[in-house]
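# Observations on the model geometry
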Amino acid sequence: MSEDKLKPIVSLCKRRGFIYPGSEIYGGFANTYSFGPYGTELKKNVKDLWWKTFVQQRRDLVGIDGPILLHPETWRASGHVESFNDAMADCKACKARFRVDKIIEEQLGKDVEGLNLSELSKILKEENVFCSKCGKKDFTDARHFNLMFQTQMSKTDLENNIAYLRPETAQAIFLEYKNIVDTMRVKIPFGIAQIGKAFRNEITPGNFIFRVIEFEQMEIEYFIEENTWQAQFDKWLDDMKAWCNLIGLKSDNLHLAEHPKEKLSHYSKRTVDITYDFPFGTNELYGLAYRTDFDLNQHQKFSKVSQEYIDTVNNKRYIPHVIEPTFGVERTILALICDAYEEEALENGETRTVLHFNKNIAPIKVAVFPLMKKPELQKVSKSIFDDLKNFWNVEYDETGAIGRRYRRQDELGTPYCITIDYETLEDFSVTLRDRDSMKQERVKIDQLKNVIAERLKG
Ligand code: GAP
């Protein structure tokens, strides 16, 4: 895939109501997006399937829905106030702002991970790095920029009344670890899962919804005994790969990337990313980290509330260690759309654009069309729609030529279309069209639901 491949995808996302640029009527608001009607359905299907897979179908996980605003002390304990920083510098000539590691990496091909601010400033001054907006070489010194969004609260006992929008959902889970142990009869190993918004004041966001300032995470904190961490890590990596397979991502586009020691986050002893071949390059899709007992230890220290787990069977007390599989929702959606997108050359010389979504996440499962806007065809079509809508997300469409209606559903990734024509009135069958093969076959109305149910399973 080339970088140009992203353009038609962005265009389809807007044209077909998957994803719109944020605040467009005000000229846009950088790196924010709205999910349109079909994007919302797709996202909901992904989140529901994730919840079903990791929470409902497992006996060792429970789910929570914690707040976005957590006590500010949380972020001091977690290390985010101190360490969740990027080094940035401004171009003095045009005022453009850059992430220093990125601009050096792009222009010099150097990995500067681990260098301090004065070392970075020296490279900006002495080496061949230019502003990529105006071409001048006149940067401010590099300085730290904390990625957490701040907000003001009316509560006055907070330092400067400042609270933070959570930059990861994980901490909301750690704060409830003790409540879950006390109320849910869980035994180690067990996990707590959450799906929710996270916010990061990214300096150089971009690549459509790949890096945005407001996004959703699907995260699990899995609490274990320290000596089992390697085995648990391997198991979770397998479970994450199985998830990628379940939603239909092509395995050829997926890879593993082990973080070298110097690139590990402040809380991690080992991290492996699952990366995906996006049109703009291979990049992190998901992450798996061994967070040790760092977070619970820190919260115990800062809150002075014991986070010890009491193992009554073996008569032991200890602070559990944690394996963290984390999944970004927006990146999942982007990978799914890129993976499913095809401009297919047809035998008649035309090209059709189609999204080959896996059936389990396709926003619409079936579309119902009367061949023409005639009352006798509309009546049967509406009754089929009314029946099928009880089982799946079904769309009724009677506008435009039938070929165009098929093409529209291809672009939405709808696996099946049903057309009701004059023959239907005589033989009580309809045309069932398959998105991928475009094959059409006649199916009796009374068998339609079972036939579709069977195929949606496959
Ligand atoms: N709790 C661990 C954590 O937050 P992370 O690697 O910083 O780890 C987890 O983020 C996942 O969240 C990433 O793998 C990615 O899928 C998603 N993500 C992170 N930053 C993002 C951003 N700015 N925009 C969209 N998704 C993002």
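This part covers the overall build of the chain. Along its length, the chain carries 14 helices and 23 strands. The principal-axis extents of the C-alpha atoms in the chain amount to approximately 80 × 65 × 45 Å. Among the 458 residues that make up the chain, the fraction classed as buried is 48%. For the chain, the proportion of contacts with a sequence separation of at least 24, taken over those separated by at least 6, is 65%. As presented, the chain carries roughly 22600 Å² of accessible surface, and 48% of it is formed by carbon and sulfur atoms. Taken together, the 65 basic and 71 acidic charged side chains of the chain have centroids lying 2 Å from each other.

The subject of this paragraph is the site of the ligand. Lining the immediate environment of the ligand, one finds 20 residues, of which Glu 168, Glu 202, Glu 219, Glu 284 and Leu 285 sit closest. For the ligand, an oxygen atom lies 2.8 Å from a polar atom in the side chain of Arg 200. The side chain of Glu 219 places a nitrogen or oxygen atom 2.4 Å from a nitrogen atom of the ligand. Look at the ligand: alone it shows 560 Å² of surface, and the protein chains cover 92% of it. Secondary-structure elements contributing two or more residues to the shell around the ligand are strand 10 (214-224), strand 13 (281-292) and strand 16 (321-328). Across the shell around the ligand, the residue classes tally to 7 nonpolar, 4 polar and 9 charged.

Our next topic: the packing of helix 5 (residues 100-108) against helix 6 (residues 117-126). Two numbers describe a pair of packed helices, the interaxial angle and the distance between the axes. Where helix 5 contacts helix 6, the axes come no closer than 11 Å and their chain directions differ by 40°. Taken together, helix 5 and helix 6 sit at an angle that is classed as oblique. Pair helix 5 / helix 6 crosses with left-handed handedness. Contact with helix 5, carried on its side by Val 100, Ile 103, Ile 104 and Leu 108, involves Leu 120, Ile 123 and Leu 124 of helix 6 and no other residues of that element. Residue composition of the contact of helix 5 with helix 6, grouped by class: 7 nonpolar, no polar and no charged.

Quick look at the sheet that holds strand 10 now. Each strand in a sheet pairs with another by means of backbone hydrogen bonds, the pair being arranged parallel or else antiparallel. Here 7 strands make up an open sheet; going across it, the order is 3-9-10-16-13-12-11 and the pairing mixed. Bordering the open sheet on either side are strand 3 (61-64) and strand 11 (254-258), each of which pairs with just one other strand. On average, each strand axis in the sheet is tilted by 25° relative to the strand beside it, whichever way the strands run. Along the sheet, helix 8 (residues 229-246) contacts strand 3, strand 10, strand 11, strand 12 (270-278), strand 13 and strand 16; its crossing angle with strand 13, the most-contacted strand, is approximately 145°.

Moving on: the sheet that holds strand 20 (residues 394-396). With mixed pairing, the 5 strands of this open sheet are ordered in space as 20-19-21-22-23. Two strands close off the open sheet at either side, each with one partner strand: strand 20 and strand 23 (440-444). Each strand axis lies, on average, 25° off the axis of its neighbour in the sheet, ignoring direction. Note: strand 21 (residues 416-420) against strand 22 (residues 429-434), 4 bridges, orientation antiparallel. Within strand 22, the position partnered with Tyr 416 by the bridge is Asp 434. Packing against the sheet, helix 11 (residues 375-388) makes contact with strand 19 (366-370), strand 20, strand 21 and strand 22, and its axis sits at approximately 165° to strand 19. Contacting strand 19, strand 20, strand 21, strand 22 and strand 23, helix 12 (residues 402-412) runs over the sheet at an angle of about 170° to strand 19.

Looking along the chain, the bond that leaves Ile 188 and enters Pro 189 is cis, with omega of 5°. Relative to the elements of secondary structure, Pro 189 occurs in the loop between helix 7 (170-183) and strand 9 (190-199). Phi is positive for Arg 185, close to 55°, though the residue is something other than glycine. Looking at the element boundaries, Arg 185 is found in the loop between helix 7 and strand 9.

In this section: the domain arrangement of the chain. Often, the extent of an interface is quoted as the loss of accessible area on bringing the components together. Taken as a whole, the chain is organised into domain 1 (3-81 + 150-338), domain 2 (85-146) and domain 3 (364-457). Centre-to-centre separation of domain 2 and domain 3, based on C-alpha positions: 57 Å.

Right, let's get into the environment of Ile 364. The topology assignment puts Ile 364 in the loop between strand 18 (351-355) and strand 19. In this structure Ile 364 comes out as buried when scored by relative accessible area, which is 1%. Spatially, the C-alpha atom of Ile 364 lies 42 Å from that of Met 153, the residues being 211 residues apart in sequence. In contact with Ile 364, other than residues within four places in its own chain, are Tyr 38, Asn 393, Val 394, Glu 395, Gln 409, Leu 412, Gly 413, Thr 414 and Pro 415.

Glancing now at the pattern of salt bridges. Applying the stated criterion across every chain, the model contains 41 salt bridges. Among the salt bridges present, the one from Arg 317 reaches Glu 308, with a minimum N-O distance of 2.9 Å.

Attention now moves to the packing of aromatic side chains. Taken as a whole and assessed by the stated rule, the structure comprises 26 aromatic pairs. Ring plane angle 40° and centroid distance 6.4 Å describe the contact between Trp 50 and Trp 51, whose orientation is recorded as tilted. Relative to Tyr 396, the ring of Phe 385 has its centre 6.1 Å away and its plane inclined at 65°; by these criteria the two rings are edge-to-face. A residue pair is termed long-range when its members are at least 10 positions apart, and Phe 385 in helix 11 and Tyr 396 in strand 20 qualify at 11 residues. In textbook terms, an aromatic cluster arises when at least three aromatic residues are bridged by ring pairs, as seen for Trp 50, Trp 51, Phe 54, Tyr 222, Trp 236, Trp 243, Tyr 286 and Phe 327.

Attention now moves to helix 14 (residues 445-457). Among the residues making up helix 14, those that are buried are Leu 448, Ile 452 and Leu 456. Viewed along the axis of helix 14, the buried residues span an arc of 40°, placing them on a single side of the element. Looking at helix 14, the residues exposed on the side facing more than 90 degrees away from the buried face are Asp 446, Asn 450, Glu 454 and Lys 457. Where the residues of helix 14 are buried, they touch strand 19, helix 11, strand 21, strand 22 and strand 23.

On to the environment of Lys 137, then. With respect to the secondary-structure elements, Lys 137 resides in the loop between helix 6 and strand 6 (143-146). According to the relative accessible area criterion, Lys 137 is partly exposed, its value standing at 35%. Each C-alpha atom of the pair Lys 137 and Leu 124 lies 8.4 Å from the other, and the pair is 13 residues apart in sequence. In terms of polar contacts, Lys 137 uses its side chain to reach the backbone carbonyl oxygen of Glu 127, at 2.6 Å.

Here is what the cut-offs are and how they apply
Residues numbered from 1 in each chain as written. Predicted model: local features only at pLDDT ≥ 70, side-chain atom pairs only at ≥ 80, totals over all residues. Heavy atoms only, no water. Helix = DSSP H or I, 4+ residues; strand = E, 2+ residues; numbered from the N terminus. Buried < 20%, exposed > 50% of the residue type's maximum accessible area, 1.4 Å probe, protein only. Contact = heavy atoms within 4.5 Å. Areas by Shrake-Rupley, 256 points an atom, 1.4 Å probe, with all protein chains shown as cover. Lys, Arg positive; Asp, Glu negative; His and termini not counted. Charge placed at Lys NZ, Arg CZ, Asp CG, Glu CD. Near = heavy atom within 4 Å. Polar contact = N/O pair within 3.5 Å; in protein donor to acceptor, adjacent residues only side chain to side chain. Nonpolar A, V, L, I, M, F, W, Y, C, P; charged D, E, K, R; others polar. Axes fitted to C-alpha atoms, helices over the stretch in contact; angles between N-to-C directions. Parallel < 35°, antiparallel > 145°, perpendicular 65-115°, else oblique. Left-handed = near helix turned anticlockwise from the far one by under 90°. Pairing = 2+ DSSP bridges. Domains from an automatic or database assignment. Salt bridge = Lys/Arg side-chain N within 4 Å of Asp/Glu carboxyl O. Phe/Tyr/Trp six-rings, centres within 6.5 Å; stacked < 30°, edge-to-face > 60°. Arc of directions from axis to C-beta.

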